[in-house]
Amino acid sequence: MNDLAIPARVLRGSAAARRARYSTIKMWVGGVCAGIVVLPVVFARVLPLPDPVRGALRETSLPPLSAGHLLGTDPNGRDLLSRILHGGQTSLLIGVLAIIVSGLIGVLAGAAAGYFGGWVDAAVSRLQEAQMSLPLLLMLLLVVALFGSSVPIITLVIAVAQWPEPARLTRALVLVEREKPYVAAARVLGLRRVEILARHIIPNVLSQVLVVVLLLLAQAVLLESALSFLGAGVQRPYPTWGGIIADGRELFVTGEWWLVTLPGAAIALLVLGVNLFGDGLRDRVRRAKAVQA
Amino acid sequence: MRRYLITRLAQSLLTVWFTVTAVFVLLRLAPGDPAVNYAPPNPTSAQLDAVRAQFGLDQPMAQQYLTFLGHLLRGDIGESFQFRRPALDVVLDRLPYTITLAMAAIVVTALISVPLGVWMARRADTAKELGVNIGTIAGQSMPDFWIGFVLLIIFAVNLGWFPPSGFTSGASIVLPCLTIVVLQIALISRLVRREMTVNLAAPYIGVARARGVSERRLTWGYAFGNSAIPVVTALGTRFAAMLNGVVIVEVVFRWPGVGELVVDALKRRDFPLIQATVLVTVVLALIVQLLVDLLYPLMDPRVRLGQEARR
């Protein structure tokens, strides 16, 4: 190995190699953080947990690490871990549905705006600008407070709040992509424009957009928790994370600190995991694209 | 320049009209009757009708909208249902608290995130920077109400250093401000890092370095000078967003600002008060945006306001 112009040791220490290593670290740490929260939430119904709704009257306000209640109980004797895991199902469901909807709207609107230009582009851009100038949280609260807090409404509200970001990115990427020779070749072959866009251009930009959509999951979970903290969250069948915190907000003064800190820690851990994973993935996708180009 | 200002003001007016109309329509479309909240308990239908007539809710919707716009042009948003005095006055009473909090937060954010971001850009891809980088990701991952409660539990309940809620003394602002700042520092410092790494890698830096310009001037004079526009824009946007977006922190700390007011107004369906809050915050946000745009030519002599292709 010593006859190489650049020894492996030096190569390993180079900025590019370090960046690659750091993005791997981020993805692993992020994946583990998110997994710690997601897996128990997904399997909440299978796990041997006390009932999240009916509490034991003799076991009220137990601190964490009590016998049978890992994270303690609330003043109604309900097991906090069970509430967090069951409530988390709704939080996660809303988050995932919201990014699917916002991703779909964003990719379609952004791709159309970038590829067709003209009035389509103008319409999409104006719509984005109009939305940016609205007070976001206020409008979300308004809609939810007025139209009720069901899973579809909250999902839709979050999706509408989030579509501009994937749309902007898709538009920018498509603008670059449509000038490439293969698009011209496809047109010469007589493919219709919609076909070129759907079958050739969108698949080529999708990997970069999907990373951003994944990162939106973090935002969606935070937004949902904020809404339900303010009392505009889904209440059935179980309160979501923000709702559990709102329930406990009067109680930390009397010493029951775990009722607000632990559900929040679950949110923070999940969001941190998604953000780290997405950040590492973004570095990696960007590098792969750079190598391709 | 004058033409630019006129266009901008016209656009802003359009945004204001769009917003108040959207809110108006949403409020009227929503199920639920505000009169129930303001009639005596167990009201008869005659009592409910009386309340509706008092608030003008018995009129047809188009009629209500025209009356509303007419009054709006004269600067009158109507009387708050719950406070029984002009809604605008109620909001303006609370506004100084929100502005104080937002100002304090944005100043702290700028003072910390700019040096932090520059440091991260200069040390990009080292082990130390990775640590700080992950720290900033953590900063944007924590729900702000959760940060607020953790700070409250540690510093107000257990240590007793700061008052737990409301606005009682100057020290009251510390914890709410700290809560807001965590997220803002994370966002802005990452932006600064991104902009600075691009600029520090630009050829003109190499040329200037070869000419013997000191590293400090390279960083702050050359690279940061060219990163200033996006950073100032982001600070302005964040500040504008805070004027209507510190709702959660205000609720957590019972800060007597606009955010706390609007949550209450939504619950009680106080239509004029909701309208007044939205109107005031949108107008303020638009003013901040305009001021930031007017700063552009000062930061970059190439910028001519009102001409396309700014960069």
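Predicted, not measured: the structure shown is a model, and the values here were computed from it.

Student: When you look at the overall build of chain B in this model, what are you seeing that I'm missing?
Tutor: When helices and strands are counted, chain B shows 13 helices and 0 strands. Mapped from its N terminus to its C terminus, chain B presents α and β elements in the order α-α-α-α-α-α-α-α-α-α-α-α-α. Counting only C-alpha atoms and orienting by the principal axes, one finds that chain B spans roughly 85 × 60 × 30 Å. Within the span of chain B, comprising 311 residues, buried residues form 48% of the whole. The contacts of chain B with a sequence gap of at least 6 include a subset with a gap of at least 24, amounting to 76%. Split by element, the accessible area of chain B, about 15000 Å² in all, is 63% carbon and sulfur.

Student: I tried to follow the overall build of chain A on my own but got confused; where do I start?
Tutor: Along its length, chain A carries 11 helices and 0 strands. Taken from the N to the C terminus, the helices and strands of chain A come in the order α-α-α-α-α-α-α-α-α-α-α. Counting only C-alpha atoms and orienting by the principal axes, one finds that chain A spans roughly 75 × 65 × 35 Å. In chain A, buried positions account for 48% of the 293 residues. In chain A, once contacts between residues fewer than 6 apart in sequence are set aside, the share between residues at least 24 apart is 72%. For chain A, the exposed area adds up to about 14100 Å²; of that, 67% sits on carbon and sulfur atoms.

Student: Just checking my understanding: could you explain the confidence of the model for chain B for this structure?
Tutor: Close inspection of predicted coordinates is inappropriate for parts of the model with low pLDDT. Across chain B, the average pLDDT comes to 84, with 97% of residues at or above 70. Reported for the predicted complex are a pTM of 0.84 and an ipTM of 0.82.

Student: It is not clear to me how the pattern of salt bridges should be interpreted in this structure. Could you clarify?
Tutor: Overall, the coordinates contain 16 salt bridges over all chains when judged by the stated rule. The salt bridge partner of R122(B) is E215(B), with a shortest N-O separation of 2.8 Å. A residue pair is termed long-range when its members are at least 10 positions apart, and R122(B) in helix α5 (residues 87–122) and E215(B) in helix α10 (residues 215–245) qualify at 93 residues. The exposure class of E215(B) is partly exposed, given its relative accessible area of 34%. One network of salt bridges, in which partners are shared, links K26(A), D279(A), R282(A) and R190(B).

Student: Sorry, what's going on with the interface of chain B and chain A here?
Tutor: On the chain A side, the residues contacting the 45 residues of chain B number 41 residues. Interface area lost by chain B to chain A is led by D125(B), F145(B) and F149(B), which between them contribute 16%. Between chain B and chain A we count 2 salt bridges in total. The partner of D125(B) in a salt bridge is R19(A), and the shortest N-O contact between them spans 2.6 Å. On the surface where chain B and chain A come into contact, there are 6 residue pairs in polar contact (both at pLDDT 80 or more). At the level of secondary structure, the elements contributing two or more residues to the side of chain B that touches chain A comprise α1 (2–29), α6 (127–139), α7 (144–158), α11 (247–253), α12 (258–267) and α13 (271–299) of chain B. Broken down by element, the side of chain B that touches chain A gets its largest block of residues, 8 residues, from α1(B).

Student: Any chance you could explain the environment of L146(A) here in plain terms?
Tutor: One can find L146(A) in helix α5 (residues 136–147). Distance in space between the C-alpha atoms of L146(A) and V37(A) is 32 Å, their sequence separation being 109 residues. Those residues in contact with L146(A), other than ones at most four positions away along the chain, are L26(B), L27(B), A30(B), P31(B) and R269(B).

Student: Just checking my understanding: could you explain the packing of helix α6 (residues 151–162) of chain A against helix α9 (residues 193–229) of chain A for this structure?
Tutor: Think of two packed helices as two axes; the pair is described by the angle between the axes and how far apart they sit. All names here are of chain A. Remark: α6 packs on α9, axes separated minimally by 10 Å, with the N-to-C direction vectors making an angle of 130°. In this view, α6 runs oblique relative to α9, as classed from their interaxial angle. α9 is crossed by α6, and the crossing has right-handed handedness. Counting all contacts with α6, which are made through I154, I158, A161 and Q162, the residues of α9 involved are L216, Q219, A220, L223, E224 and L227. Residue composition of the contact of α6 with α9, grouped by class: 7 nonpolar, 2 polar and 1 charged.

Student: I'm lost on unusual backbone geometry in this one. Help?
Tutor: If a residue is not glycine, its phi is most likely negative; likewise, a peptide bond is most likely trans. Residue and element names in this part refer to chain B. We note that D125 has phi near 60°; this positive angle belongs to a residue other than glycine. Residue D125 is classed as buried on the basis of its relative accessible area of 11%. The backbone of R254 shows a phi angle near 50°, a positive value even though the residue is not glycine. Residue position: R254 is located in the loop between α11 and α12.

Student: Just checking my understanding: could you explain the nonpolar core for this structure?
Tutor: What tends to happen in soluble globular proteins is that the nonpolar side chains get buried as a cluster. All names here are of chain A. Grouped together as the largest cluster of nonpolar side chains are 156 residues, with contacts concentrated most on L142, F229, L230 and W241. Here the element with the most residues in this core is α9; it accounts for 17 residues. Ignoring anything within four residues of it in the chain, the contact list for W241 reads V37, V41, I84, G87, G88, S91, V221, P263, I267 and L270. If you look at the next biggest cluster of nonpolar residues, it comprises 5 residues, including A109, A113, W163 and A167.

Student: Any chance you could explain helix α10 (residues 241–248) of chain A here in plain terms?
Tutor: Because an α-helix completes one turn every 3.6 residues, residues spaced three or four positions apart along the sequence face the same direction. Burial runs high along α10(A): 6 of the 8 residues are buried. For α10(A), the full list of buried residues reads W241(A), G242(A), G243(A), I244(A), I245(A) and G248(A).

Student: Can you help me understand empty space enclosed by the protein in this one?
Tutor: If a probe as big as a water molecule is rolled over the atoms, it shows which places are left empty. Residue and element names in this part refer to chain B. Counted under the stated rule, the structure contains 2 cavities of 30 Å³ or more. Lining the second largest cavity, in full, are P163, P164, S165, G166, S172, P176, F253 and W255. Of the residues in the lining of the second largest cavity, the class split is 5 nonpolar, 3 polar and no charged.

Student: What should I look at first to understand the environment of P40(B) in this one?
Tutor: Residue and element names in this part refer to chain B. Within the element layout of this structure, P40 appears in the loop between α2 (35–38) and α3 (45–55). Taking the relative accessible area as the measure of exposure, P40 reaches 36% and is therefore partly exposed. Here the alpha-carbon distance between P40 and V114, two residues 74 residues apart in the chain, equals 55 Å.

Student: Would you explain the side chain of R8(B) in this entry?
Tutor: Within the secondary structure, R8(B) is located in helix α1. Assessed through its relative accessible area of 13%, R8(B) is described here as buried.

Student: In this structure, what is going on with the packing of aromatic side chains? I would like to understand it.
Tutor: Ring pairs (aromatic) are described by centroid distance and by the angle formed between their planes. The final tally for this structure, using the stated rule, is 9 aromatic pairs over all chains. Between F229(A) and F145(B) the ring centres are 4.5 Å apart and the planes differ by 0°, which places this aromatic pair in the stacked class. Of the two residues, F229(A) sits in helix α9 while F145(B) sits in helix α7, which places them in two different chains. Residue F229(A) is classed as buried on the basis of its relative accessible area of 4%. Here the aromatic residues F229(A), F145(B) and F149(B) are joined through ring pairs into a cluster of three or more.

Procedures and definitions
Residues numbered from 1 in each chain as written. Chains lettered and ligands numbered in written order. Predicted model: local features only at pLDDT ≥ 70, side-chain atom pairs only at ≥ 80, totals over all residues. Heavy atoms only, no water. Helix = DSSP H or I, 4+ residues; strand = E, 2+ residues; numbered from the N terminus. Buried < 20%, exposed > 50% of the residue type's maximum accessible area, 1.4 Å probe, protein only. Contact = heavy atoms within 4.5 Å. Areas by Shrake-Rupley, 256 points an atom, 1.4 Å probe, with all protein chains shown as cover. pLDDT = per-residue confidence, 0-100. Salt bridge = Lys/Arg side-chain N within 4 Å of Asp/Glu carboxyl O. Buried area = accessible area lost by both parts, 1.4 Å probe. Polar contact = N/O pair within 3.5 Å; in protein donor to acceptor, adjacent residues only side chain to side chain. Axes fitted to C-alpha atoms, helices over the stretch in contact; angles between N-to-C directions. Parallel < 35°, antiparallel > 145°, perpendicular 65-115°, else oblique. Left-handed = near helix turned anticlockwise from the far one by under 90°. Nonpolar A, V, L, I, M, F, W, Y, C, P; charged D, E, K, R; others polar. Core = buried A, V, L, I, M, F, W, Y, C linked by side-chain atoms within 4.5 Å. 1 Å grid on protein atoms, 1.4 Å probe; cavity = no way out; pocket = protein on both sides within 12 Å on 5 of 7 lines; lining within 4 Å. Points joined across faces, edges and corners; volume = space filled by probe spheres on them. Phe/Tyr/Trp six-rings, centres within 6.5 Å; stacked < 30°, edge-to-face > 60°.

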